[in-house]
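The residues making up each chain are set out below.
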Amino acid sequence: SNPQPAQVAVASEADASDPSFSIAEQLRARHVTHLQCTPSMARMLLSDPEAVKGLAGLQRLMLGGEALPADLAEQLLSVISGQLLNMYGPTETT
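This structure is a prediction, so every number in the text was calculated from the model and none was measured.

J.: Would you mind going over the sheet that holds strand 1 (residues 34-37) in detail, with residue names and values included?
T.: Taken together, the three strands give an open sheet; going across it, the order is 1-2-3, and neighbouring strands pair in parallel fashion. Each edge of the open sheet carries a strand with a single partner, namely strand 1 and strand 3 (83-86). If you compare each strand with its neighbour and ignore which way they point, the axes differ by 15° on average. Pairing of strand 2 (residues 60-63) with strand 3 involves four bridges; the strand directions are parallel. Within the sheet, the bridge partner assigned to Leu-63 lies in strand 3 and is Asn-86. Each of strand 1 and strand 2 touches helix 3 (residues 39-46); the most contacted strand, strand 1, lies at about 120° to it.

Structural data, given as structure tokens:
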């Protein structure tokens, strides 16, 4: 069988301001395999049992924009089945 082509989904400002928009729902509905967000967003997702289900299927979780606390990294590694990439620093150093 042919693999599905990759798709990029970006949450817009309108999505973020819509109370019915759910990242947890999007993770599951779109079968998200790679997610890039801030550690703060990842911590928020961990507090939502539905989002944790979506996180569990990730192949890669890429975190940046702020420092990644060790306790959060440990929590995320216990949930996701794929890789956790700490991307903090490259933008700040260039």
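J.: Account for helix 4 (residues 49-56), with residues named and values stated.
T.: Three or more residues of helix 4 are buried, namely Ala-51, Gly-54 and Leu-55. Looking straight down helix 4, one finds that the buried residues subtend no more than 100° of arc, so they occupy a single side. Residues of helix 4 that are exposed and point more than 90 degrees away from the buried face comprise Pro-49 and Lys-53. Turning to helix 4, the residues buried within the fold contact helix 2 (23-29), strand 1 and helix 3. The N-cap of helix 4, judged by a side-chain oxygen 2.9 Å from the amide nitrogen of Glu-50 a few residues on, is Asp-48.

J.: Got a sec to walk through the environment of Gly-65? Specific residues and values, please.
T.: If you trace the backbone, Gly-65 turns up in the loop between strand 2 and helix 5 (70-77). Residue classification places Gly-65 among the exposed positions, given a relative accessible area of 59%. Residues Gly-65 and Cys-37, 28 residues apart in the sequence, show an inter-C-alpha distance of 8.0 Å.

Conventions adopted
- Residues numbered from 1 in each chain as written.
- Predicted model: local features only at pLDDT ≥ 70, side-chain atom pairs only at ≥ 80, totals over all residues.
- Heavy atoms only, no water.
- Pairing = 2+ DSSP bridges.
- Helix = DSSP H or I, 4+ residues; strand = E, 2+ residues; numbered from the N terminus.
- Axes fitted to C-alpha atoms, helices over the stretch in contact; angles between N-to-C directions.
- Contact = heavy atoms within 4.5 Å.
- Buried < 20%, exposed > 50% of the residue type's maximum accessible area, 1.4 Å probe, protein only.
- Arc of directions from axis to C-beta.
- Polar contact = N/O pair within 3.5 Å; in protein donor to acceptor, adjacent residues only side chain to side chain.

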